[in-house]
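Inside the fold
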Amino acid sequence: MTAVRRIRRRDTAYPSLLAAIHDPPPQLYLRGEVETDVLERPSVAVVGARSCSSYGRAVGRSLGRELAAAGLVVVSGMARGIDGEAHRGALEAGGVTVAVLGCGIDRDYPAAHGELARRICERGLVVSEYEPGVEPAPWRFPARNRIIAGLCRATIVVEARERSGALITADFSLEEGREVLAVPGEITSSLSAGTNALLRLGATPVTCAEDVLEVFGIAPAEPSVPEVGEAARALLERLRESALTADELVRACGIEAADASAALLELELAGLVALDDGVYRAALSR
Amino acid sequence: MLARAVTHALVGLEPRKVEVEAHLQSGIPGFAIVGMVDRACQEAKHRVRSGVLSSSLEWPLNRRLTVNLAPAALRKEGSGFDLPISLAVLAATRQLPPERLADHAAIGELALDGRVRPVAGTLAVAEGARRSGLGRVVCAADSAPEAALAGVEPVPVRHLGEAVAYFRGEIDAPSFEPLPREALDGLDVPDLADVRGQERGRRALEIAAAGSHNLLLAGPPGTGKTMLARRLPGILPPLTRDEALEVTRIHSVAGLLPLERPLITVPPFRSPHHGASAPAVIGGGSSPRPGEVSLAHRGVLLLDELPEFSRSVLESLRQPLEDGVVSVSRVGGHVAFPARFQLVGTMNMCPCGGRGDPAVECACTPQRLAAYREKLSRALLDRFDLAVAMPRPRAAELAAPPGERSELVRGRVVGARERLGAVLPRRTDAASELLSSAVDRLPLSGRGRVRVARVARTIAALAGASAVEPPHVAEALSYRLPSELPA
């Protein structure tokens, strides 16, 4: 484990956006290989429910990847579900990501994300206001959310139920006058009730990564669509209509299972589709 | 007066020669069987005596009769000694000529009315007889086709009286119907044409058959995982004569050989319930018997609902998966059973079965999900070369047409096996590059890389390609274990 650093509020390294919120934490503990100035770079929070749908996972992952690729720092809470996917997406793009914990900086919580934490530390920071050894507890998570919101100019809620912790992050963000964005979901899905409610209240809908980059005034990068084969292109086109299983794709596009498997792997490596529990889904279109 | 008959006892699958000696002497009348015999063998006394009397033969009433099964240090089990014991007794009483008995082996259980019943392990005993230089085996008429497989001349007898008449030279050896070999192929094996859709599952099954890869099928209940797995034996090449004998011997010893079909020519399929104990799956018992892994030798072992099996069962599979042999050590000795089988496992994507099913929301807590998946150790999962997710089909308008018949698939499998047996296709540089970049991008371990390379080779062989090209590697990569499983 890398050494733990501590920055106090009066230190110059203390992130200025965080210092501007209503009750900034008196100190931050940091773990990770990079300099603390990443906390000053334009950051976006990508948050959402722990129990999420495969749609939410796929969107969280590709938002993390595309926003990090565009140079934004992706901030999230390292929880299961959307948070973890956002971090993973950012790491896949080779970008910088920051995880804010609701427990002591030395704890890997949830335990299943120990490996993820290690990888975040290689390329970003793990942050907490709690001293080493503090146990995770339910009441600490809302407090952690204020740091996530505080570090970022904008917060994206990918998927949230009506009473989700991710909405608390959005509330903090609004209170501090930061931008709140939400990913639209099916109106019949209870997993999207929270995000759809945010949209009704005036949050900016996220339909692609550019919607977010616009908020930051970043020009979208040249659309560099990776070269894929003919079969892969056909499959991708069909997947943009709806998510399908591999077998359904085989039938819909009329190609052999062997060729489809190879083409889907090609798309997966290119980051153009996401696979979840056997269902393929097109990544966000650029 | 002394007389001797020969039979064989089984140690595991190995026949050991046993001499059955019957001695009549004067003294207090009685009947004793000695020579480390088990309960069923002790009870032979009653069956033999009734059988002899029912056959209108004479039982030595007022003499002392001792039957010894030599070597005495070898444990003897089962009812197959009834026939040799009765023949030895009859020879000792000179009701049949003892010298004719010397060049025959005998095996069979006696009914109280003197009929001869078939027993388990006849094939192995007949093989033992051939190795001991005995060309003829007296056995139950129903067992004759089985004994004939060993390359000996069976003497099928329906009744003890018939055996005596034969030894006295009153009749010739009764004839029996040899096996109609051709009629046996493909019996009872379900056809792949029954499976609609599941294109990727079918493809993975074909690759698994061609490369003898172990296969893991994951998906919610009712998507046809088990149905698909049951069709694997039907697309495997039929057993060669030697393999068939080997498999038949194991099933014969386990007493599972159907009488009407004594030679197993189709790769066997075994599917033990997930409540099965480790000895039942691996083999064992105080006198070791083959378990499910050995009954699946040269065939398919399906473990349906893999994570529901007890951890000890799953872990004990590692030795046979690695070595193709199960060694059972007991106080009485050490026995090895062959167990070179192809493993197919099925599992749900989560304990409630909701994952992968668009109509159901998974209600599993992360803890339950983790516990479910932890049941499968990394070491076991490493043995699966191919993994296929089989989610529930969603779009009804994409109804699947009926699939190809097993026969056609088997033709391709046989071709690929021949090519793999001749020259292993090598990876092109471009294919190696793809593999390396995939290792960087995907959660793929070093062992995972080896698995993918192996599967890619099989895919190339199925395609009839001379080298492993990038599309072959790409397809192989798509059958890797789901990322959330430890791999």
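None of these values were measured; they are calculated from a predicted model.

The rules behind these values
- Residues numbered from 1 in each chain as written.
- Chains lettered and ligands numbered in written order.
- Predicted model: local features only at pLDDT ≥ 70, side-chain atom pairs only at ≥ 80, totals over all residues.
- Helix = DSSP H or I, 4+ residues; strand = E, 2+ residues; numbered from the N terminus.
- Buried ≥ 20, exposed ≤ 12 C-beta atoms within 10 Å, placed from the backbone.
- Contact = placed C-beta atoms within 7 Å.
- Nonpolar A, V, L, I, M, F, W, Y, C, P; charged D, E, K, R; others polar.
- Domains from an automatic or database assignment.
- Pairing = 2+ DSSP bridges.

1. Remarks on the overall build of chain B
Counting secondary structure elements, chain B contains 21 helices and 20 strands. The C-alpha extent of chain B, read off along each of the three principal axes, is 90 × 45 × 40 Å. Every one of the 487 residues in chain B was classed for burial, and the buried ones make up 50%.

2. Some details on the interface of chain A and chain B
In this assembly, 21 residues from chain A lie in contact with 27 residues from chain B. Contributing elements (two or more residues each) for the side of chain A that touches chain B: β10 (244-245), α10 (246-253) and α11 (257-269) of chain A. Counting residues per element, the side of chain A that touches chain B draws most heavily on α11(A), which supplies eight residues. Here the side of chain A that touches chain B is composed, by residue class, of 12 nonpolar, three polar and six charged.

3. So, the domain arrangement of chain B
Residue and element names in this part refer to chain B. Looking at chain B, the domain boundaries give domain 1 (2-167), domain 2 (192-392) and domain 3 (423-487). When each unit is reduced to the centre of its C-alpha atoms, the spacing between domain 2 and domain 3 is 24 Å. Across the contact, 17 residues belong to domain 2 and 15 residues belong to domain 3. For the side of domain 2 that touches domain 3, the element with the highest residue contribution is helix α8 (residues 199-211), accounting for five residues. Class assignment for the residues of the side of domain 2 that touches domain 3 results in 10 nonpolar, two polar and five charged.

4. Observations concerning unusual backbone geometry
Excluding glycine, a negative phi dihedral is what most residues carry, and trans is how most peptide bonds are arranged. All names here are of chain B. The omega torsion across A70 and P71 is 0°, close enough to zero to call that bond cis. Even without a glycine there, the phi angle at M36 is positive, about 50°. Taking the C-beta count within 10 Å as the criterion, M36 has 15 such neighbours and is therefore assigned partly exposed. Unusually for a residue other than glycine, R94 sits at a positive phi of about 60°. Structurally, R94 is set in the loop between α3 (82-92) and α4 (98-101). Judged by local crowding, R94 falls into the exposed class, with 12 C-beta atoms found within 10 Å.

5. Comments concerning the sheet that holds strand β6 (residues 125-128) of chain A
Residue and element names in this part refer to chain A. Taken in spatial order, the nine strands make up an open sheet running β1-β2-β6-β5-β4-β3-β7-β8-β9, and their pairing is mixed. If you trace the sheet from one side to the other, it starts and ends with β1 (4-8) and β9 (204-205), each paired once. The sheet contact formed by strand β7 (residues 154-157) and strand β8 (residues 179-182) spans four bridges and is parallel. Bridge pairing links T155 to V180 in β8.

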